[in-house]
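Coordinates in review
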Amino acid sequence: MKKLLFSLWLLSTTLGLRAEDGHQLWLRPHQAAPVTVVVAAKNSTLLAMAKQELERNWQGAAGATVTLTLKKDNAIKHDGFRLGPTSVRATTEAGLLYGVFELLRRQQTGQPVADKVFNPSYEYRLLNHWDNPDGSVERGYAGHSIFWRKDSSFVVTAKDKALWQEYARANASVGLNGAVINNVNASPLILSAEYLGRTKAIADVLRPYGVKTFLAVKFSSPVLLGGLKTADPLDPAVKKWWQAKAKEIYQQIPDFGGFLVKASSEGQPGPQDYGRTHADGANMLADAVKPYGGLVMWRAFVYSPNDKDRAKQAYNEFVPLDGKFRDNIIVQVKNGPVDFQPREPFSPLFGALKKTSVMPEFQITQEYLGHSIDLAFLSTMWEECLGSDTYQAGPSSTVARVTDGSVYPQKHTAMAGVANTGLDRNWTGQDFGQANWYAFGRLAWNNQLKSAQIADEWLKQTFTGATSSTASASDWNTNFLAPVTQLMLASREAIVNYSMPLGLHHIMSATHDHYGPGPWWAPPKMRADWTPPYYHQADAQGVGFDRTTGGSNAVSQYHEPLAGQFNNPATCPDEYLLWFHHLPWDFKMKSGRTLWDELALHYDHGVQQVRQFQQVWDKAQPYVDAERFAAVQNKLRAQSGNAVLWKDACLLYFQQFSHLPIPAIVEPPMHTLEGVIANDAVRPRQQPRP
Ligand code: BDP
């Protein structure tokens, strides 16, 4: 019997049919060559982890001796390291661990290992988990929280710990060194003794991988949890409450990272409830954690229903406060001025805050880019934002450089990404979602990295070894790596094309948690800035949001030459055109086509791109294990249908205003507008997983 099972296993392995559930991420097990690891430092759990990684995964010369040395070195910053073919030197233990992972990555992906210093772009490289104490995940599409459980029994099981350890190891492998383990829409419960107990248990598991634990806190916790009458940041009792809470936390978790705060934002309580400023609120919390070396990350995601233009609010509220924040505060700014849309120009706050530490916040979870159904490699989007020149301190003041300390003397630097992890066996729902977790870590470590390299690295580590026997390894590069890399690099633009091209934004379905189209959605009495028509402004005259000097004037929040360039439709880049302009349907585009035709062609092109992705993936079959091949194939099928839905719905909806025919070269709609709207209204909140 045993023999039969073994033969079956062997057969299925060689045929490439072995179950590959994706749980191993980019850290797939390897046949390691023998290696001797000499640790020239006092032994610690973290260094033991580093040693173990080398011993288990060494792909270099058999019998090599690798030394890990802790040593002062002026060229090394923060937890950076100096790498040689058989040596890693760093000034911190975490630096040695990152060096080990870099060495192994280079071996696995065929990159040379020259003597070189690697320094991180940012001091803090953080995941923000929007995980609720009841185990649900806001905007999460990969199952329940890996940290919190519905039953709230607070029992920490061996299974919990094993999972947290795998999670921490994955973070460390790409240099991520911090995790905010609960939702920014924070429950006050998170600061209760029970939840702090579980937080301590999590922190203990993350620590050996150099990952610090942070909490998101609710500004009104002193009232809701502490029973005080007020949460006014200038009230002495409130200050005392937070100081005592900080002490309680640090007694249990001495290296606790600090607080992330969403306040006076989207209905969350905050200092403005008491007539105080963001600086008043943030400073009070910063003082509470200061004695322990803690940090406060204060979000600048603010807007109010009375704004004529929501995109302007954060800049208006925060620029006057520049220089008023304590030095252990970082203002956390979303990449764009509205809200993680498939494409936005960069937030004008980047570079405009010159005396305040500022950090970019990206969204790894695909709230507006197809949940865990559509394939979207978001690295290109983040690269685009980081590479955008703000001109705030002369040319080359890119978002990357105005946030990483290259331009302004920031006391602290950081980058945050809203995580896409959950209890799904493959962590992220869509297998390619893992690439976004990976890419975020790599870019937080090095904000100059190119998406092509990141995709190449991720594919090589994630799919090598899964090839079936019918495919030769030498074909792998040509038939799998090259086309799938191209697919990944084009994937985000395809989504922009079939959902919100030419600067359109926020026109997604509200009834279906932001998946699919919904440009019509505007129930009576609904806040205007939560409805798509507020953003697309389609009427008989044209389409787009007028943010020019003649309109909301949001354009003036950008530094010249950008303000002038964006303000003029002739010089405004096509991809931001309808972000800044309301233009007639027959507006003549740079291509010579009318705006209406151009819009239609973009929608159609997006659909065709997804069809092409399907073809690329189908051809990749011999190079991918059966399970992941089928999973991605199914997702692409669903995405293809969704792309057509977007195209049909948006073109038919806008056609009511343009009264123009859909160009003949565009695939004719297979839906009716009435049908799509009716279907959207009755769609269940959670679409069954394809
Ligand atoms: C929006 C999400 C919402 C978040 C909010 C935020 O829809 O769930 O709470 O961002 O970032 O995009 O606070």
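Refer to the structure printed above.
Residues numbered from 1 in each chain as written. Predicted model: local features only at pLDDT ≥ 70, side-chain atom pairs only at ≥ 80, totals over all residues. Heavy atoms only, no water.

We now examine the pairing of strand 2 (residues 64–70). Examined bridge by bridge, strand 1 (residues 35–40) and strand 2 share 6 bridges and lie parallel to one another. Across the sheet, residue A40 finds its bridge partner in strand 2, namely T69. Note that the unit made of strand 1, helix 2 (residues 45–57) and strand 2 has a crossover that is left-handed. Direction of pairing for strand 2 relative to strand 4 (residues 87–90): parallel, over a ladder of 4 bridges. Of the residues in strand 4, the one forming a bridge with T69 is R89. (Pairing = 2+ DSSP bridges. Helix = DSSP H or I, 4+ residues; strand = E, 2+ residues; numbered from the N terminus. Right-handed = clockwise from strand over helix to strand, strands pointing away.)

Quick look at the side chain of H412 now. With respect to the element layout, H412 can be found in the loop between helix 11 (399–403) and strand 13 (414–418). The buried category is assigned to H412, whose relative accessible area is 12%. Apart from the residues lying within four places of it in its own chain, the contact partners of H412 are E123, Y124, L295, D327, N328, I330 and S357. (Buried < 20%, exposed > 50% of the residue type's maximum accessible area, 1.4 Å probe, protein only. Contact = heavy atoms within 4.5 Å.)

Turning next to the site of the ligand. If you check the shell around the ligand, you find 14 residues, and the closest are E138, K262, R299, D339 and E367. Contact distances for the ligand include 2.9 Å between an oxygen atom and a side-chain N or O atom of R139. K334 is positioned such that a nitrogen or oxygen atom in its side chain is 2.7 Å from an oxygen atom of the ligand. The protein chains hide 97% of the 320 Å² of surface that the ligand would expose on its own. Considering only residue class, the shell around the ligand consists of 4 nonpolar, 2 polar and 8 charged. (Near = heavy atom within 4 Å. Polar contact = N/O pair within 3.5 Å; in protein donor to acceptor, adjacent residues only side chain to side chain. Areas by Shrake-Rupley, 256 points an atom, 1.4 Å probe, with all protein chains shown as cover. Nonpolar A, V, L, I, M, F, W, Y, C, P; charged D, E, K, R; others polar.)

This part covers the environment of F440. As for its placement among the helices and strands, F440 is situated in helix 12 (residues 433–445). Spatially, the C-alpha atoms of F440 and A490 are 17 Å apart, while their sequence positions differ by 50 residues. In contact with F440, other than residues within four places in its own chain, are L126, L127, L176, F362, I364, W382, M415, A416 and G417.

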